[in-house]
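Analysis of the macromolecular model
Okay, here's what each chain looks like letter by letter:
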Amino acid sequence: MRLGGLLRLLPPMARAVLAALLAQLGALCCSLTPFFLQPLPLPGWRRLSAPSPAAPASSRREQKWDGESPTPTSVNYHFTRQCNYKCGFCFHTAKTSFVLTLEEAKRGLAMLKEAGMEKINFSGGEPFLPDRGKFVGQLVQFCKQELKLPSVSIVSNGSLIRERWFKKYGEYLDILAISCDSFDEDVNVLIGRGQGKKNHVENLHKLRQWCREYAVAFKINSVINRFNVEEDMNEQIKALNPVRWKVFQCLLIEGENSGEDALREAEKFVISDEDFERFLDRHKDVSCLVPESNQKMRDSYLILDEYMRFLNCRKGRKEPSKSILDVGVEAAIKFSGFDEKMFLQRGGKYVWSKADMKLDW
């Protein structure tokens, strides 16, 4: 018997009460529809249980994307803020020790792939700190083997990487970027990129050799600041022959390396635009040079923090969205402040799969 027939068998008062309850249930189902349309977690995966504080509502309204939501083509996932170095200009400092579980991180990465991600870059902090590199290794393998992303990369200071890591995970990694700001070890120590008796430059050459042996594209990142702006790095960079030498201008981010609540005081590292241009001009013959000024860097990177929140840097500080694990990628990315046009203009999309590089390892 249909529901309508059952209702007619009830007394008038009972029919009225039941009809009212059914109307309220219908309204509740409609209100829950957007929730159920979100991507469902895979079996055994759970929703984010760690605290995921977001920016104030007034701040989020100001950050919201006015046009179409950008595509997360290339994402920089800073899954840890902890680091064994103390670089004075660091703009993603150790404000928390939180790291997602492996299952939650994989769930978020799968959501990003579904939303259009082609390249993932794992960063920190120092990504080889959690579980001695096993955590990032498992994420690298998952992204290449399961998600089949065209490009998987890591940015590291290199101090904790061992050859056994390459043996286990090297085949899944497209690019390893090592941060090196100077080829003068005294300058590295002055900057904070030093650890006891370890020589950062010697370790850089060892990592370069392992990348050759295990077919991983080698990249160098350098932050140009007051202590290395006069250095001539032409000879050393050409000898190392990285696929890319990314050269950044020292950048201030309030609350990270500048301001009252910051863990670093980077003002003493800052250089002028003219100083940065002089450094670039001195190295203009290095074919792999990829310069990035403060303006290009601030808005053209899609940054995901340890809670999988997009970070908006347009106002000179990092304002977080809600976590993609809670609201989905499309809803969160609207508050990212990401300038997709600037990303393409600065050459953010390039030949980033080692299978397409045709390198002589």
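Remember, predicted model here, so these are calculated numbers, not experimental data. Per chain, residues are indexed from 1 in the order of the written sequence. Side-chain atom pairs in this predicted model are given and counted only at pLDDT of 80 or more, local residue features only at pLDDT of at least 70, and totals for whole chains, interfaces and linings cover all residues. Derived side-chain values reflect all non-hydrogen atoms in the structure, with water molecules and hydrogen atoms excluded from consideration.

Digging into the overall build of the chain
- Helix and strand content of the chain: 15 helices and 10 strands.
- Looking at the chain as a whole, 51% of its 361 residues are labelled buried.
- Sequence-distant contacts, at least 24 apart, represent 76% of the contacts inside the chain between residues at least 6 apart.
- A 1.4 Å probe and the Shrake-Rupley method give the accessible areas. Residues count as covered only by the protein chains that appear here. Of the accessible surface of the chain, which amounts to about 17700 Å², a share of 53% is contributed by carbon and sulfur atoms. Each helix corresponds to a stretch of at least 4 residues labelled H or I by DSSP, and each strand to a stretch of at least 2 residues labelled E; elements are numbered beginning at the N terminus. Working definition: with a 1.4 Å probe on protein chains only, accessible area under 20% of the residue-type maximum means buried, over 50% means exposed, and in between means partly exposed. Contacts are assigned to residue pairs that have any heavy atoms within 4.5 Å of one another.

Overview of the state of the cysteines
- Throughout, a disulfide means two cysteine sulfur atoms within 2.5 Å of one another. Applying the stated criterion across every chain yields a total of 0 disulfides.
- Cysteine C87 is unpaired, with the sulfur of C83 as its nearest cysteine sulfur at 6.3 Å.

Focus on helix α4 (residues 102–114)
- To estimate the expected span of a helix, count its residues, drop one, and scale the result by 1.5 Å. Here α4 contains 13 residues, and its C-alpha end-to-end distance of 18 Å stays within 8% of the 18 Å for a straight helix at 1.5 Å per residue.
- By the burial criterion, the buried members of α4 are L102, E104, A105, R107, G108, L109, M111 and L112.

What to know about the packing of aromatic side chains
- Any Phe, Tyr or Trp ring, taking Trp's six-membered ring, that has another such ring centre within 6.5 Å forms a pair; planes under 30 degrees apart are called stacked, those over 60 apart edge-to-face, and the others tilted. A full pass over the atoms with the stated rule returns 15 aromatic pairs.
- Aromatic side chains Y77 and F122 sit 6.2 Å apart centroid to centroid with 55° between the ring planes, which places their arrangement in the tilted category. With Y77 in strand β1 (residues 74–78) and F122 in strand β2 (residues 119–123), the pair connects residues that are 45 residues apart, well separated along the chain. The burial state of Y77 is the same as that of F122; both residues are buried.
- Taken together, the aromatic side chains of F128, W165, F166, Y169, W210 and Y214 make up a single cluster linked through ring pairs.
- Sitting over the face of the ring of Y301, R346 holds its NZ or CZ atom 3.9 Å from the ring centroid. Put simply, a charge is over a ring when the Lys NZ or the Arg CZ is close to the ring centre, within 6 Å, and near the line of the ring normal, within 35 degrees.

Looking at a positive patch on the surface
- Together, R132, R162, R164, K198 and K206 line one region of the surface with positive charge.
- By the secondary structure assignment, R162 is in the loop between β3 (151–156) and α6 (163–169).
- You can call R162 partly exposed: its relative accessible area is 33%. Only residues above 30% relative accessible area that lack a salt bridge enter a patch, with like-charged residues linked at up to 9 Å and the nonpolar side chains Val, Leu, Ile, Met, Phe, Trp and Tyr linked at up to 5 Å. Should a side-chain nitrogen of Lys or Arg be within 4 Å of a carboxyl oxygen of Asp or Glu, the pair is scored as a salt bridge. Positive charges come from Lys and Arg, negative ones from Asp and Glu, while His and the chain ends are left out of the count. Lys charges are placed at NZ, Arg charges at CZ, Asp charges at CG and Glu charges at CD.

Some remarks on the side chain of E231
- Relative to the helices and strands, E231 resides in the loop between β5 (217–224) and α9 (234–240).
- No salt bridge forms around the buried E231; measuring N to O, its nearest opposite-charge neighbour R282 is 8.1 Å away.
- With sequence-adjacent residues up to four places away left out, E231 is seen in contact with D181, S182, F183, D184, F279, R282 and H283.

A short note on helix α10 (residues 273–282)
- Taken together, the buried positions of α10 are F276, F279 and L280. The buried residues of α10 occupy an angular sector of 100° when the element is viewed end-on, so they sit on one face. By definition, the arc is the one covered by directions from the helix axis to the C-beta atoms.

Read these as spatial facts, not as claims about activity.
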